[in-house]
Amino acid sequence: MRILAFETSCDETAAAVVEKRKGEEFVRVFSDVVASSSDMHVTTGGIVPEVAAREQVRSIIPVIEEALRESRITNRELGAIAVTVGPGLIGSLLVGVETAKTLALVWDKPLIPVNHLIAHLYANWVGGSEKLKVKNEKLQLKTQNYPTFPAIGMVVSGGHTDIVLMKSHTEIEWLGGTRDDAAGECFDKCARILGLPYPGGPAVAEVAAKFKIKNSKLKIKLPRPLIDQDTLDLSFSGLKTALARMRNEPFDNAQGKQKIMSNELTSAMAYEVQEAITDVLVVKVMLAVRRFKPKSVLLGGGVAANERLREKLEARVMNHKSSIKLHISPPKLCTDNAVSIGAWAAFHPTPASILSVRPNPSLAVV
Ligand code: KG4
Ligand code: ZN
């Protein structure tokens, strides 16, 4: 089955053509096009929903055209259309959903509504297209070694942080999640406190990489909320507040010395923000592993692109006594994209009645 998938839940407008063949446990990618309005949100330090929605309207048709052109598949050859219905910003979601409904009606195709959050984990079932090039960046796609069940999945995105138990493609249980801010939101808010641009995750990671902990006298310590508690709940709002308080403390008032100090201080703080967030995420995944003894661990969502998180989780999973496979997709498929949306649809090809499909901004992961 060949699927044309759309993703418009936030500030990315994405379309992709994917295919799942009978007997294959993965999805092949024919095209993957993403346009982002994130540059327009840099000055405001966060997404302005109205601006994001307007950019969705501007980008959706060219992005779909490019995805079809790149795939060399005509609309006649498509088996279905898939679209993110939530969660997300209502204005942005509406653009994708209404476009998908219109095309499904005009081209007479089944329409598959997709939950954006669980779809993030399906980036781990993508493979088989070694030729795929996206803006000169070659996607390192695998051709074997896909997740097996039971699996523990962690979705770490800008608006959500959830841990789920996947017993199969259809039996998915929510185990825990954040009580307040999401991991990505924490990166974004901490970046703002530190005067770094939006999106905060990559900005914090870049500045953190400049901090030489061994050579520095600065000892910054932020809290790791709920880390020692026997719960799969997470909490990040205290971390952000602690950073805000710390940032306002007068570390060094001496003129001249201030700038040098402040650069080092910023990178020291960014380093500690990244350490604190990733420590908590890794501990909670490993707690779920001990409780549910899965065969695989899956990571998905924008924060899964974080190198430090990938590195720490790899080390912990490798040292675990039973053999567990860790699956984290290439960074390009961690942040919002339509390939993951198409991948979920390919494994759940049940269409909905077209006119009944509506956006749901507050959809939960399961
Ligand atoms: O999944 P995603 O692209 O969009 C949502 O569904 O929210 O996630 C976006 C989030 C943002 O908060 C962004 O700061 C974070 O993912 N992010 C990162 C990295 N790349 C994106 N966080 C940490 N390190 C990164 N390299
Ligand atoms: Zn997302």
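Residue positions are counted from 1 within each chain, in the order its sequence is given. Each chain is given a letter, starting from A, and each ligand a number, starting from 1, according to the order in which they appear as written. For a predicted model such as this one, the threshold for reporting local features is a pLDDT of at least 70, and the threshold for listing and counting side-chain atom pairs is 80 or more; totals across whole chains, interfaces and linings nevertheless cover every residue. With hydrogens and water set aside, each side-chain value is computed from the structure's full complement of heavy atoms.

Engineer: Explanation requested: helix 1 (residues 49-71) in the structure shown.
Structural biologist: Given 3.6 residues per helical turn, the α-helix brings residues three or four places apart onto the same face. Segments assigned H or I by DSSP are reported as helices when at least four residues long, segments assigned E as strands when at least two residues long, and all are numbered from the N terminus. Helices are assigned an expected span. That span is 1.5 Å times one less than the residue count. The terminal C-alpha atoms of helix 1, which comprises 23 residues, lie 31 Å apart, in line with the 33 Å expected from a rise of 1.5 Å per residue. A residue's bend is simply the angle between two axes: one fitted to the seven residues ending at it, one to the seven starting at it. Approximately 40 degrees is the largest bend angle found in helix 1, and it occurs at Ser59, with the proline Pro62 only one to four residues beyond. When a residue's accessible area, from a 1.4 Å probe over protein chains only, is under 20% of the maximum for its type it is buried; when over 50% it is exposed; and in between it is partly exposed. For helix 1, the complete set of buried residues consists of Ala52, Ala53, Glu55, Gln56, Ser59, Ile60, Val63, Ile64, Ala67, Leu68 and Ser71. Note on contacts: a residue pair is in contact if any heavy atoms of the two residues lie within 4.5 Å. In this fold, the buried residues of helix 1 make contact with strand 1 (2-7), strand 2 (12-19), strand 3 (28-36) and helix 2 (90-107). The positive-phi residue at the C-terminal boundary of helix 1 is Arg72, with phi of around 55 degrees.

Engineer: Explain the site of ligand 1 to me, please; I cannot follow it from the model alone.
Structural biologist: We define proximity as follows: a residue is near a molecule or strand when any one of its heavy atoms falls within 4 Å of that partner. In the vicinity of ligand 1 lie 19 residues, with His120, Gly158, Asp188, Gly201 and Gly302 positioned nearest. Polar contacts, as used here, are pairs of N or O atoms within 3.5 Å; protein pairs need one atom able to donate a hydrogen and one able to accept it. Residues neighboring in sequence count only if both atoms are side-chain atoms. At a separation of 2.8 Å, an oxygen atom of ligand 1 approaches a polar backbone atom of Gly158. Gly302 places a main-chain nitrogen or oxygen 3.0 Å from an oxygen atom of ligand 1. A 1.4 Å probe and the Shrake-Rupley method give the accessible areas. Residues count as covered only by the protein chains that appear here. A total of 550 Å² of accessible area belongs to ligand 1 in isolation, and the protein chains cover 88% of it. A 1.4 Å probe that fits into a set of points on a 1 Å grid over the protein atoms alone but cannot get out defines a cavity; an open set with protein on both sides within 12 Å along at least five of seven lines defines a pocket, and lining residues are those with an atom within 4 Å of a point. Molecules are considered to sit inside a cavity or pocket once more than half of their atoms lie within 2 Å of its grid points. Judged by the proximity of its atoms to the pocket grid, ligand 1 belongs to the largest pocket. Mapped by element, the contributors of at least two residues to the shell around ligand 1 are helix 3 (116-121), helix 4 (183-193) and helix 5 (200-208). All residues other than Ala, Val, Leu, Ile, Met, Phe, Trp, Tyr, Cys, Pro, Asp, Glu, Lys and Arg, Gly among them, are scored as polar; the first ten of these are nonpolar and the last four charged. When grouped by side-chain class, the residues that make up the shell around ligand 1 number 5 nonpolar, 12 polar and 2 charged.

Engineer: Whenever I open this one, the layout of surface pockets confuses me. Can you help?
Structural biologist: Take a probe with the size of a water molecule and roll it over the atoms, and the empty space left behind shows itself. Grid points are joined across faces, edges and corners, and a volume is the space filled by probe spheres set on the points. Put simply, the largest pocket is a space of about 1500 Å³. If you trace the largest pocket, you find 49 residues lining it, with Asp11, Glu12, Tyr198, Pro199 and Thr335 closest to the centre. When residues of the lining of the largest pocket are traced back to their parent elements, those giving at least two are strand 3, helix 1, helix 3, strand 6 (133-134), helix 4, helix 5 and helix 9 (331-334). The leading source of residues in the lining of the largest pocket is helix 4, at 6 residues. These domain limits were set by an automatic method or by a database of domain assignments. Two domains each provide a minimum of three residues to the lining of the largest pocket, namely domain 1 (2-142 + 333-356) and domain 2 (173-328).

Engineer: What is the right way to look at the coordination of the zinc ion (ligand 2) in this model?
Structural biologist: The expected angle between donors at a tetrahedral four-coordinate metal is 109.5 degrees. At an octahedral six-coordinate metal it is 90 or 180 degrees. Atoms of type N, O and S within 2.8 Å of a metal are treated as its donors, and for Na, K and Ca the window is 3.2 Å; water is not considered, so some sites may appear to be missing partners. Around the zinc ion (ligand 2), the donor atoms from the protein are His116 (NE2), His120 (NE2) and Asp336 (OD), and they sit 2.0 to 2.1 Å away. Mapping the donors of the zinc ion (ligand 2) onto the primary sequence gives the spacing H-x3-H-x215-D. On the criterion of helical spacing, the pair formed by His116 and His120 is a turn pair, its members being 4 residues apart in helix 3. In this pair, the class of His116 matches that of His120, namely buried.

Engineer: Looking at this structure, how should I read the pattern of salt bridges?
Structural biologist: Close approach of charged atoms allows side chains with opposite charge to pair. The term salt bridge refers to a pairing of a side-chain nitrogen on Lys or Arg with a carboxyl oxygen on Asp or Glu at a separation within 4 Å. Enumeration according to the criterion identifies 20 salt bridges in this entry. Two residues, Glu55 and Arg58, come together in a salt bridge whose shortest N-O distance is 2.9 Å. Residue Glu55 and its partner Arg58 are located together in helix 1, separated by 3 residues, close to a single helical turn. Residue Glu55 is classed as buried on the basis of its relative accessible area, which comes to 13%. Residue Arg224 pairs with Glu272 through a salt bridge whose shortest N-O separation is 2.5 Å. Residue Arg224 is found in the loop between helix 5 and helix 6 (237-248), and its partner Glu272 is found in helix 7 (residues 257-292); the two are separated by 48 residues along the sequence. Across this residue pair, the class does not change: Arg224 and Glu272 are buried.

Engineer: Looking at this structure, I do not really get the nonpolar core. What am I missing?
Structural biologist: In terms of nonpolar packing, the biggest core is built from 54 residues, with Phe236, Ile277 and Leu281 touching the most fellow members. Going through the elements one at a time, strand 8 (151-156), strand 9 (161-166), helix 4, helix 5, helix 6, helix 7, strand 11 (296-300) and helix 8 (307-318) are the ones with two or more residues in this core. Sequence-distant contacts of Ile277, defined by excluding residues within four places in its chain, comprise Ala183, Cys186, Phe187, Phe236 and Leu239. The term nonpolar core refers to a set of buried residues drawn from Ala, Val, Leu, Ile, Met, Phe, Trp, Tyr and Cys, joined through side-chain atoms within 4.5 Å. Residues Val29, Leu121, Val339 and Ile341 belong to the second largest nonpolar core, which totals 37 residues.

Engineer: Even after reading the chapter, I still don't get the sheet that holds strand 11, so can you show me in this structure?
Structural biologist: In a beta sheet, neighbouring strands are held together by backbone hydrogen bonds and run either parallel or antiparallel to one another. Two strands qualify as a pair provided DSSP detects at least 2 bridges between them. Read across the sheet, 5 strands follow the order 10-9-8-11-12 without closing on themselves; strand pairing throughout is mixed. For this open sheet the edge positions go to strand 10 (172-177) and strand 12 (325-328), each flanked by a neighbour on one side alone. Averaged over all neighbouring strand pairs, the angle between strand axes comes to 20 degrees, with direction disregarded. Pairing of strand 8 with strand 9 involves 6 bridges; the strand directions are antiparallel. Axes here mean lines fitted to C-alpha atoms, for a helix over just the part in contact, with angles spanning 0 to 180 degrees between N-to-C directions.

Engineer: What is the right way to read a positive patch on the surface from this model?
Structural biologist: Each patch is assembled from residues with relative accessible area greater than 30% and no salt bridge, linking like charges that lie within 9 Å and nonpolar side chains (Val, Leu, Ile, Met, Phe, Trp, Tyr) that lie within 5 Å. By the counting scheme adopted, Arg and Lys are positive, Glu and Asp are negative, and His together with the chain ends is not counted. A charged residue contributes its charge at one atom only: NZ of Lys, CZ of Arg, CG of Asp or CD of Glu. A cluster of basic side chains, namely Arg290, Lys293, Arg316 and Lys321, defines a positive patch on the protein surface. One can find Arg290 in helix 7.

Engineer: Help me out: how do you make sense of the pairing of strand 9 in this one?
Structural biologist: Looking along a regular strand, one sees side chains alternate from face to face of the sheet. Counting buried positions over the 6 residues of strand 9 gives 6, a clear majority of the element. What you see with strand 9 is no split at all: Thr161, Ile163 and Leu165 on one side and Asp162, Val164 and Met166 on the other are buried throughout. Here strand 8 hands over to strand 9 after 4 residues, the two strands then running antiparallel side by side. Taking the residues that link successive antiparallel strands as the turn, the strand 9-strand 10 hairpin has 5 residues.

Engineer: Would you mind going over the environment of Ala151 with me for this structure?
Structural biologist: Relative to the helices and strands, Ala151 resides in strand 8. Take Ala151: its relative accessible area is 0%, and that puts it in the buried class. Spatially, the C-alpha atom of Ala151 lies 26 Å from that of Gly201, the residues being 50 residues apart in sequence. Every residue in contact with Ala151, bar those within four places of it in the chain, is listed here: Val164, Leu165, Met166, Pro294, Ser296 and Leu298.

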